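Observations on chain architecture
Residues per chain, in single letters:
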Amino acid sequence: MVERPQPDAEGRLLLAHVSDQLRRAVPDGREDLAYAAAFEIGRLLALSQPSVVAALMRWRAEQFGADRAARRISTASVSVREPVSASVQRTAPHVEHGAAPTVG
């Protein structure tokens, strides 16, 4: 059971993401599942349409593909930096990281 959502500053109620967010306890202690059941029925009716399912699968592939590409880019940049700094330390151990070597 969750607390009844309160309207935001503009008077709109927040959206429910799962049917459990719509379960309510009525004053006599019983549980009111009417809104939760309506939410599930609406969700299932929408998913019974092949066009809705196709659009959701397309959206999912685009979003997960973009996230996967971003993670690979960040991982690749980290994995390239580490061997380079290790290589510099092996070839010039007397040079501090970030310091320019002096010619003497």
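Definitions and cut-offs
- Residues numbered from 1 in each chain as written.
- Predicted model: local features only at pLDDT ≥ 70, side-chain atom pairs only at ≥ 80, totals over all residues.
- Heavy atoms only, no water.
- Helix = DSSP H or I, 4+ residues; strand = E, 2+ residues; numbered from the N terminus.
- Buried < 20%, exposed > 50% of the residue type's maximum accessible area, 1.4 Å probe, protein only.
- Contact = heavy atoms within 4.5 Å.
- Salt bridge = Lys/Arg side-chain N within 4 Å of Asp/Glu carboxyl O.
- Polar contact = N/O pair within 3.5 Å; in protein donor to acceptor, adjacent residues only side chain to side chain.
- pLDDT = per-residue confidence, 0-100.
- Patch = residues over 30% accessible without salt bridge, like charges linked within 9 Å, V, L, I, M, F, W, Y side chains within 5 Å.
- Areas by Shrake-Rupley, 256 points an atom, 1.4 Å probe, with all protein chains shown as cover.

1. Quick look at the overall build of the chain
The secondary structure content of the chain amounts to two helices and two strands. Counting from the amino terminus, helix and strand elements in the chain follow one another as β-β-α-α. Taken across its 104 residues, the chain has 6% of its residues classed as buried. Sequence-distant contacts in the chain: of pairs separated by 6 or more residues, those separated by 24 or more amount to 5%.

2. Section: the pattern of salt bridges
The tally for this structure, following the rule as stated, stands at five salt bridges. Between Arg 23 and Glu 31 there is a salt bridge; the shortest N-O distance is 2.5 Å. The class of Arg 23 is partly exposed, set by a relative accessible area of 25%. Using a relative accessible area of 36% as the deciding quantity, one classes Glu 31 as partly exposed. A salt bridge links Arg 30 to Asp 28; its shortest N-O distance comes to 2.9 Å. For Asp 28, a relative accessible area of 53% translates into the label exposed.

3. Side note on the side chain of Arg 24
Take Arg 24: it is sitting in strand β1 (residues 24-25). Within the structure, the side chain of Arg 24 is placed 3.1 Å from the backbone oxygen of Gln 21, a separation counted as a polar contact.

4. Examining the confidence of the model for the chain
Regions with low pLDDT carry predicted coordinates that are not meant to be interpreted in detail. This prediction gives the chain a mean pLDDT of 78; 68% of its residues lie at or above 70. Least confident of the elements in the chain is helix α2 (residues 50-91), whose mean pLDDT is 77; most confident is helix α1 (residues 34-47), at 93.

5. Here's the deal with a nonpolar patch on the surface
Together, Leu 47, Val 52, Val 53, Leu 56, Met 57 and Trp 59 make up a nonpolar patch on the protein surface, roughly 520 Å² of accessible area in all. The element contributing the most residues to the nonpolar patch is α2, with five residues. With respect to the helices, strands and loops of the structure, Leu 56 is situated in helix α2. Since its relative accessible area comes to 42%, Leu 56 is described here as partly exposed.

6. As for the side chain of Ser 19
Relative to the elements of secondary structure, Ser 19 occurs in the segment before β1. Using a relative accessible area of 14% as the deciding quantity, one classes Ser 19 as buried. Engagement of the side chain of Ser 19 in a polar contact is seen with the side chain of Glu 40, the distance being 3.2 Å. For Ser 19, the contacting residues outside a window of four places in its chain are Ala 36, Phe 39 and Glu 40.

7. Considering the environment of Phe 39
Within the secondary structure layout, Phe 39 lies in helix α1. Judged by relative accessible area, which is 24%, Phe 39 ranks as partly exposed. When the C-alpha atoms of Phe 39 and Leu 22 are compared, they prove to be 8.1 Å apart, with 17 residues separating the residues in sequence. Ignoring sequence-local partners within four residues, the contact set of Phe 39 consists of Ala 16, His 17, Val 18, Ser 19 and Leu 22.

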